[in-house]
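Here is what each chain is made of, one letter per residue.
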Amino acid sequence: MSSSRLAEQRREVIEIAQRMTADRLVVGTSGNVSVRCGDLVAVTPSGVDYDKLAVEDIPLVDLTGNVVEGDLKPTSELRMHLTAYRRHDAGAVVHTHSLHATALSLLRNDVPAVHYQLADFGGTVQVAEYATFGSDQLAETMSDALAGRAGCILRNHGTITIGASLSQAYNRARQLEWLCELWLTATRAGAPSLLSDEELARCAELFAGYGQK
């Protein structure tokens, strides 16, 4: 991987981290972002104001978590990111503390089929059982909930979304927050109408050919 390409991806990590704050998916330095660069991962550092980040502040780690470049310590959630790369073929990972998704995690074990957009995640999105932030257990519960999906919610915590690129992973994070807000809004008026498993499967087939190739 060329140094210019690595610099470009580290810059993209900063841009997405700053967008998370602007879009109110995180508060302060919470949440984190990473992208795979060959055998390396560019990831946000721990506890640093996203508005003050420079390219050289973004640590580069290998797939076992060893820092190979950068002076700052990687995010405390590095285990979750690396698990997504090693087990779920992620190209990029976005972790938010978004309000509506976290609120839903206090009430349900999944995001029900309130909208066909769930087909982009592979079906209904699961809620991972609670575990302490930064722990091996959290990486395991996240991995279980992420199986066969492009995102999951972490109970009492936030969300994880993956994609082939950072833009795809981030768009999924925003979409997941919207889906949770939709469910919470609808339940204020009654019991929401849900799509069938068959319709979600049909939409998943359509999504496979959606957009520009």
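Residue positions within a chain follow its written sequence, with the count starting from 1. In keeping with the model being predicted, local features are shown solely for residues with a pLDDT of at least 70 and side-chain atom pairs are shown and tallied solely at 80 or more, while totals for entire chains, interfaces and linings include all residues. Think of the side-chain values as coming from all heavy atoms in the structure, minus any hydrogens and water.

Looking at an unreviewed UniProt entry, the protein chain carries the name L-fuculose 1-phosphate aldolase, with the source organism given as Saccharopolyspora spinosa.

Undergrad: Before we go on, may I ask you to explain the UniProt feature "domain: Class II aldolase/adducin N-terminal" (unreviewed entry) in the protein chain in this structure?
TA: In the numbering used here, UniProt assigns the "domain: Class II aldolase/adducin N-terminal" (unreviewed entry) feature to residues 11-184. Its end C-alpha atoms 35 Å apart, residues 11-184 is made of 34% helix and 21% strand. UniProt positions are given in the numbering used here, feature names are shortened, and annotations may be inferred rather than shown by experiment. Going along the chain from the N terminus, every DSSP run of H or I of four or more residues is numbered as a helix, and every run of E of two or more is numbered as a strand.

Undergrad: Could you clarify how one ought to interpret the nonpolar core in this entry?
TA: Proteins that are soluble and globular tend to have nonpolar side chains buried together. Counting 39 residues, the largest nonpolar core has Val111, Ile153, Leu154, Ile160 and Ile162 as its most contacted members. Of all the elements in the fold, those that place two or more residues in this core are strand E2 (40-43), helix H2 (78-88), helix H3 (99-105), strand E7 (125-128), helix H4 (136-146), strand E8 (151-154), strand E9 (158-163) and helix H5 (166-187). Setting aside chain neighbours within four positions, we find Val111 in contact with Leu104, Leu118, Thr124, Val125, Ile153, Leu176, Leu179 and Cys180. In this text, buried Ala, Val, Leu, Ile, Met, Phe, Trp, Tyr and Cys residues form a nonpolar core when linked through side-chain atoms within 4.5 Å. With a 1.4 Å probe rolled over the protein chains alone, any residue whose accessible area is under 20% of its type maximum counts as buried; one over 50% counts as exposed, and the rest are partly exposed. Contacts are assigned to residue pairs that have any heavy atoms within 4.5 Å of one another.

Undergrad: Would you explain the environment of Thr159 in this entry?
TA: With respect to the helices and strands, Thr159 occurs in strand E9. As a C-alpha pair, Thr159 and Ala101 span 58 residues in sequence and 7.0 Å in three-dimensional space. Setting aside residues up to four positions removed in sequence, Thr159 forms contacts with Val94, His95, Thr96, Ser98, Ala101, Cys152, Ile153 and Leu176. Two N or O atoms form a polar contact when they lie within 3.5 Å of each other; inside protein one atom must be a possible hydrogen donor and the other a possible acceptor, and for residues adjacent in sequence the pair counts only when both atoms belong to side chains. In this structure the side chain of Thr159 is engaged in a polar contact, spanning 2.7 Å, whose partner is the side chain of Thr96.

Undergrad: Explain the pairing of E7 to me, please; I cannot follow it from the model alone.
TA: For a regular strand, side-chain orientation follows a simple rule: the groups alternate between the two sheet faces. In this structure, strand E6 (residues 110-111) lies alongside E7, joined through 2 bridges in antiparallel fashion. Across the sheet, the residue bridging to Val111 is Val125, located in E7. When DSSP finds at least two bridges between two strands, those strands are taken to pair. In this sheet, E8 lies alongside E7 in parallel orientation, the contact comprising 2 bridges. The residue bridging Val127 from the neighbouring strand is Ile153, located in E8.

Undergrad: Looking at this structure, how should I read the side chain of His115?
TA: One can find His115 in the loop between E6 and E7. Polar contacts involving the side chain of His115 include one to the main-chain amide nitrogen of Gln117, which spans 2.9 Å. Contacts of His115, omitting those with residues within four sequence positions, involve Trp178, Leu179, Leu182, Leu195 and Leu200.

Undergrad: What exactly am I supposed to notice about the packing of H2 against H4 here?
TA: How two helices pack is summed up by the angle between their axes together with the distance between the axes. Angles shown run from 0 to 180 degrees and are taken between the N-to-C directions of axes, each axis being a line fitted to C-alpha atoms and, for helices, limited to the stretch in contact. Their axes nearest at 9 Å, the elements H2 and H4 cross at an angle of 40°. The orientation of H2 relative to H4 falls into the category oblique. Of the two possible hands of crossing, H2 and H4 adopt the one that is right-handed. Residue-level inspection shows Arg79, Met80, Thr83, Ala84, Arg87 and His88 of H2 in contact with H4, the latter providing Asp136, Leu138, Ala139, Glu140, Met142, Ser143 and Leu146. Each residue receives one of three labels: charged for Asp, Glu, Lys and Arg, nonpolar for Ala, Val, Leu, Ile, Met, Phe, Trp, Tyr, Cys and Pro, and polar for the others, Gly being one of them. Among the residues forming the contact of H2 with H4, the class breakdown is 6 nonpolar, 3 polar and 4 charged. To sort the angles, those under 35 degrees are grouped as roughly parallel, those over 145 as roughly antiparallel, those from 65 to 115 as roughly perpendicular, and the leftovers as oblique. Less than a right angle of anticlockwise turn of the near helix away from the far helix marks a crossing as left-handed, whereas a clockwise turn marks it as right-handed.

Undergrad: Would you take a moment to explain the packing of aromatic side chains for this structure?
TA: Pairs of aromatic rings are described using the distance from one ring centre to the other and the angle between the two planes. When the centres of two rings from Phe, Tyr and Trp lie within 6.5 Å, Trp using its six-membered ring, the rings pair. Their planes under 30 degrees apart give stacked, over 60 give edge-to-face, and anything left gives tilted. Tallied over the full model, the rule gives 1 aromatic pair. Relative to Phe207, the ring of Tyr116 lies with its centre 6.4 Å away and its plane at 45°, an arrangement referred to as tilted. Here the residue Tyr116 occupies a position in the loop between E6 and E7, and Phe207 occupies one in helix H6 (residues 197-208), the gap between them amounting to 91 residues. Here Tyr116 falls in the partly exposed class, since its relative accessible area comes to 44%.

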